[in-house]
Amino acid sequence: MKLLNNLLTSLTQYENEMIQIRRHLHQYPEISFQEKETFKYIMGFYKELDCEPKLIGKGFGIIVDIEGGKSGKTLALRADFDALAIFEDNDLSFKSVNPGVMHACGHDAHTAYLMVLARELVKIKQELPGRVRIVHQPAEEVSPGGAKSMIKAGALDGVDNMIGVHVMTTIKTGVIAYHNKETQTGRSNFTITIKGNGGHASMPQLSNDAIVAASYFVTELQTVISRRIDPFDMGTVTIGSFDGAGSFNAIQDKVLLKGDVRMMKETTRKVIRDQVKQIAKGVGVTFGVEVIVDYDDNYPVLFNSENLTHFVVDSLKDQNISEVNNIVDLGPQNPSEDFSYYGQVVPSTFFYIGAQPEDGGNYPHHSPLFKMNEKSILIAAKAVATVTINYLFFNKKM
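Worth saying up front: this structure is predicted, and the values here are computed from it rather than measured.

Quick notes on the rules
Residues numbered from 1 in each chain as written. Predicted model: local features only at pLDDT ≥ 70, side-chain atom pairs only at ≥ 80, totals over all residues. Heavy atoms only, no water. Buried < 20%, exposed > 50% of the residue type's maximum accessible area, 1.4 Å probe, protein only. Helix = DSSP H or I, 4+ residues; strand = E, 2+ residues; numbered from the N terminus. Pairing = 2+ DSSP bridges. UniProt positions renumbered as here; feature names shortened; annotations may be inferred. Axes fitted to C-alpha atoms, helices over the stretch in contact; angles between N-to-C directions. Parallel < 35°, antiparallel > 145°, perpendicular 65-115°, else oblique. Left-handed = near helix turned anticlockwise from the far one by under 90°. Contact = heavy atoms within 4.5 Å. Nonpolar A, V, L, I, M, F, W, Y, C, P; charged D, E, K, R; others polar.

## Considering the pairing of strand E6 (residues 175-178)
Side chains Val175 and Ala177 project from E6 onto one buried face, and the interleaved Ile176 and Tyr178 project onto a second face that is buried too. As paired elements, E6 and strand E16 (residues 348-354) share two bridges and run antiparallel to each other. The residue of E16 that forms the bridge with Ile176 is Ile353.

This is how it looks when you write it as structure tokens:
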């Protein structure tokens, strides 16, 4: 298709611009719900184009509608732009200048590819049937996430389908990966506060040790997955923080625990939540302590529409993008994603762009040493461009 081939050629010509945008965002990262300068940067880019960027939702969400010259369906494209509270430990010319904040997950690359792709779509909008809605989303990393408020404010009004991508350093550059149906875990977080009575270590009978009670709670928690979850289901419960710091000769009166839960079925979510609360109640009775549970059920299981996913894969295989050497089913993935909220409203799919550095090094997401292959940015742009044009012209195949 000539229109698509011309679009892909244009994107190739602007690869260096995408990389420079990514590097700018990487150098000036902002954490979830505080992306004020990033918002200004993105809005400034669109204000130079023949379109109207709009602030939407709580925080700094942006939508841009690219109205085609003919009637048709509406496809939404989403990229997130928040960073993480991590001290960068890389020696890069564009290393983060904001102490304790780092783009350690690739959201800077997502934003860079989508900005340039959107501009190129604006240039040819009169030739397009339907509408493309660009969704620049803040706050993916931190609950409640940016997606929920954007959806509530109307980000998906009139949208038929949505797609998103994520660069992955665990996948070789040149590979595009996907999966059908349940694709990424749902997530819950909880905070447990255990209050006892402090005292002198030499007189434990006069105290009520919160550390002992908290330790018992952590031990009992290990039975949830092994004895309450179907062995054929997936679930994890992790205590990531045990805060009972004090003196060597003092019995602590308070301990704060923080936990993380993942699951691949919403029914599993309920079982784990009920068990955490039941064990907490039992610890309170057994040790005579006060146990306060603050349980946050947040990101749903990410579900990819079968029809849309097949359409995406077929479109990419048919186009045979020169930089792509393989398209594979990666299977279900462990991390959670607030893109999952969009899939609860409209049929959506989320796929992955290989971004492993050329040296083959292991630079995992959320690591202070995170690095990605910037060649993946052009691949992301071309992949999403291919799907977008095919969708607008041939979505009846879905």
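## Concerning the UniProt feature "transmembrane region" (unreviewed entry) in the chain
Taking the UniProt record as the reference, the feature "transmembrane region" (unreviewed entry) is found at residues 376-394. Along residues 376-394 the backbone is 100% helical and 0% strand, and the end-to-end C-alpha distance reaches 26 Å.

## Structural notes on the packing of helix H1 (residues 2-13) against helix H10 (residues 375-394)
For the pair H1 and H10, the least separation of the axes is 10 Å and the interaxial angle reads 160 degrees. Judged on the interaxial angle alone, H10 and H1 are roughly antiparallel. As for how H1 packs across H10, the hand of that crossing is right-handed. Between H1 and H10, the contacting residues are Leu3, Leu4, Leu7, Leu8, Leu11 and Thr12 on the first element and Leu378, Ala381, Lys382, Ala385, Thr386, Ile389, Asn390 and Phe393 on the second. Of the residues contributing to the contact of H1 with H10, the split by class is ten nonpolar, three polar and one charged.

## Describing unusual backbone geometry
Here Ser143 and Pro144 are connected by a cis peptide whose omega angle stands at 10 degrees. Relative to the helices and strands, Pro144 resides in the loop between strand E4 (129-137) and helix H5 (146-152). Unusually for a residue other than glycine, Lys181 sits at a positive phi of about 60 degrees. Classification of Lys181 by relative accessible area gives partly exposed; the value is 37%. One non-glycine residue, His366, lies in positive phi territory at about 75 degrees.

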